[in-house]
Amino acid sequence: MFQPKKKRPRIRKTMSGLIALTLLSSLILPNVAGAEPEEPSQVQFANVSVQAGQTVHVPVALKKSHFGVKAYNMQIDYDTSALEIVRITPKSVNVMSTSPNEEGVADFQYKINDAEGWVRIIWVDFTGGDHSIVDETQLFDMEIKAKSNATPGTKQLSVDQTDSEHWHFTNVEHQSYTELSGGTITITAANSGGDNSGSTPTPNPGNSSGGGGSVSPTSPVVTPVPSTPAVTKGVDIYVNGQKQEQSATATTSTVNNQVTTTIHVDNAKVINQIGSGLRTLLLPITGTGKGAVVGELNGKLVKTMEGSNAEVVIQTDSGTYTLPANQIQVDQILNQFGSTVPLEDITIQIAIVPSATSKQTAIQAAADKLQNTTVVATPVDFEVKAIWNGQQVNVDRFNSYVERTITLPEGVDGSKITTGVVLQPDGSLLHVPTKVIQGNGQDSAIINSLTNSTYALIYHPATFSDVTSHWSRDDVQDLASRLIVQGTGENVFAPDRSITRAEFTAVLLRGLGLHSPRSTEAASFTDVKTGSWYEDEVQTAVSYGLISGYADDSFRPNSEISRAEALTIVSRAMKLVGLAQADASETTSLLSTYSDSAKVQAWAAEPVASAIKQEVVQGADGKLMTDADISRAQSAAIVKRLLAKAGLI
């Protein structure tokens, strides 16, 4: 691999002449007491797998020796285009020093030269043979990093065993003939995970509730092995719409019958663009069909983009993922791995992946239970992961809605899609805000969500006999087809019936696509019973700041909700979806146009005015009627207007 002989490390002058002679003469005089053993000794380098950009430990062990090793000397060569040595750690007995920089006589020394691609290791038993190394002993450990731009494939750690300056083992009686095996390092693309044999960081859980976003605890990275040779090519990316030629590479391989293309961004080049005002980093990959696509950046680039309010866009044949850099929450990720970890060593993966067969089966089973429901197009997983040193953190919650687009197969009519749904752990399907847009030959469904998950598109038309001639027909049937509202009986909706506080909260949450609490902080209402159908809804609404209850610590879930109370909850939801609220001067002006504005209580004035400002509520006959109970039909109309105004449907 590296043709010329490399210079050995200079031995410190503090060593005795005998020690210096020993080391410079390839360790101990050969053939002191007789012929070579009939069978050679055996040294083994472990064969390992590592993800590009991550580190892995390679144990080096003496597997077999007839007389015990008294000294050894080896130089290991490696490919500097893909690998670098991080450190060498001795594991055998009688270790006095592990660093070539310490003063004094040492029995273990090493020298790393990452520029030329070699590491030289020397060990001598200074006790005169009392502590020789015997069979099945690990000699030392090599911590090796696969560079972030390393091409997936195999690399071999090599030793020139014909050169005694590069490979020499000696025992008390013999210059032993020693065979070497192993040393293959399989480098996998970033999306396929790294090896988990590297050193494990101490998890430091971050605050998952502050601001709403969260990252999961660290977990080991699983390393699937590609079943086909990886193919790498240069690709163009776009910064603020301008093509950046050869600023990334795309590597395609097959793992578990899944074709995956990973885009490795040249982080340094993109960071240089940020000084010019980076707003959008577009990674377009086409021609992958139903294959998975992973965009890979490092933590330093993401953190720099965060400071510029920039976003990264992964664009594929099956869909598009638009992710603001500040939603990746690099600081929380760093808190999980440890604050001293260099950001450039953290790999951020943003993936669009066709859902596994098991998930597709679960989605179809859930659709069958809903009846009159068709699954349209292949379900898709949207994922964000952070990987460092064999450990992984999933970024699965965001502070604001994040947009994804699923491209419909050719010939699929977008009008035959009523909503996107998310697959829940219990196997059910729940609504996520979705709107369908027409394209040139292919329509697309835009899904907005505060979480990452498995998403599917369904067609679930719904009608009710008692809204056919009702003013709310379109709103009710639209929300029913989205799984947001439900009937009260067979083909009946009961539009004019009043709605309870728990029911209104549940409808609003389903409309917003909020299906679980953003934090573990428990609600403490005295009248929310454990095991009640609304317990989870109340908990979720509290965690998002949508409800607060009464002064007596009650929520009154079964009480009918007034229009003022409903609009107060809706106005809090406006903050979540990014709709502006009315200020003090606007509040007075907006309310004054209604004849019963004086009846609006002070606590409800600003929320009601905000609803008027965003045209979520219209009133009737010039009145707001804030003290009146709100009906099921009015609830549906208000929630639909909120979602439409926010551009979510």
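Everything below is about the structure shown above.
Worth saying up front: this structure is predicted, and the values here are computed from it rather than measured.

What counts, and at which threshold
All residue numbers refer to position in the chain's written sequence, counted from 1. Owing to the predicted nature of the model, reporting of local features is limited to residues with pLDDT of at least 70; listing and counting of side-chain atom pairs is limited to 80 or more, with chain, interface and lining totals taken over all residues. Derived side-chain values reflect all non-hydrogen atoms in the structure, with water molecules and hydrogen atoms excluded from consideration. Stacked, edge-to-face and tilted labels apply to pairs of Phe, Tyr and Trp rings (six-membered ring for Trp) whose centres lie within 6.5 Å, assigned for plane angles under 30 degrees, over 60, and everything in between, in that order. In our convention, an over-ring charge means Lys NZ or Arg CZ found within 6 Å of a ring centre and within 35 degrees of that ring's normal. Only DSSP runs of H or I with at least four residues qualify as helices, and only runs of E with at least two residues qualify as strands; both kinds are numbered from the N terminus onward. Helix span, expected: 1.5 Å multiplied by one less than the number of residues in the helix. Whether a residue is buried, partly exposed or exposed follows from its accessible area with a 1.4 Å probe, protein chains only, as a fraction of its type maximum: under 20%, in between, or over 50%, in that order. Contacts between residues were defined by any pair of non-hydrogen atoms, one from each residue, lying within 4.5 Å. What makes two strands pair is DSSP finding at least two bridges between them. For our purposes a nonpolar core is just a set of buried Ala, Val, Leu, Ile, Met, Phe, Trp, Tyr and Cys residues, chained together by side-chain atoms within 4.5 Å.

**Thoughts on the packing of aromatic side chains**
Tallied over the entire structure, the rule returns 10 aromatic pairs. Seen in terms of ring centroids, tryptophan 533 and tyrosine 534 are 5.5 Å apart; in terms of plane orientation they differ by 85°. Their pairing is edge-to-face. Three or more aromatic residues joined by ring pairs make a cluster, and in this case those are Tyr72, Trp123, Phe140, Trp167 and Phe169. Across from the ring centre of phenylalanine 493, 4.2 Å away, lies the NZ or CZ of arginine 632, which sits over that ring.

**Structural notes on helix α7 (residues 501-512)**
Compared with the 16 Å implied by 1.5 Å per residue over 12 residues, the 17 Å span of α7 between its first and last C-alpha is a close match. In terms of residue burial, α7 counts as a mostly covered element, since 11 of its 12 residues are buried. Residues of α7 that are buried: Arg501, Ala502, Phe504, Thr505, Ala506, Val507, Leu508, Leu509, Arg510, Gly511 and Leu512. Tucked into the core, α7 has its buried residues touching β24 (391-407), β26 (429-432), α8 (535-543), α9 (563-577) and α12 (632-645). Just downstream of α7, glycine 513 is the residue with a positive phi angle, here 75°.

**Quick look at unusual backbone geometry**
For residues besides glycine, phi is generally negative; the peptide bonds are generally trans as well. Here the phi dihedral of asparagine 309 falls at roughly 55°; this positive angle occurs in a residue that is not glycine. With respect to the helices and strands, asparagine 309 occurs in the loop between α3 (299-307) and β20 (311-315). Its relative accessible area of 64% is what places asparagine 309 among the exposed residues. If you check the backbone angles, methionine 625 has positive phi at about 50° while not being a glycine. Relative to the helices and strands, methionine 625 is located in the loop between α11 (602-613) and α12. Classification of methionine 625 by relative accessible area gives partly exposed; the value is 33%.

**Considerations on the pairing of β24**
Within β24, 12 of the 17 residues are buried, which leaves it mostly tucked inside the rest of the structure. Where strand β21 (residues 319-324) meets β24, 4 bridges bridge the pair, whose relative direction is antiparallel. Paired with threonine 322 across the strands is glutamate 403, a residue of β24. Bridging between strand β23 (residues 374-388) and β24 involves 4 bridges; their strand directions are antiparallel. When the bridges of β24 are listed, lysine 385 appears paired with asparagine 394. Linkage of β23 to β24, two consecutive antiparallel strands, is achieved through a turn of 2 residues, within which asparagine 389 is found at a positive phi near 55°. Sheet analysis places β24 next to strand β28 (residues 444-451), joined by 7 bridges and oriented antiparallel. Paired with threonine 407 across the two strands is serine 444, which belongs to β28.

**Quick notes on the nonpolar core**
Judged by nonpolar contacts, the single largest core of 60 residues is most densely connected at Leu512, Leu514, Leu546 and Leu642. For this core, the elements supplying multiple residues, two or more each, are α6 (473-481), α7, α8, α9, α11 and α12. If you tally residues by element for this core, the top one is α9, at 9 residues. In contact with leucine 514, not counting residues within four places along its chain, are Tyr401, Leu450, Leu509, Thr540, Tyr544, Leu546 and Leu576. In this structure, Leu278, Leu297, Val330 and Leu343 belong to the second largest nonpolar core, which totals 53 residues.

The values are spatial; any link to function lies outside them.
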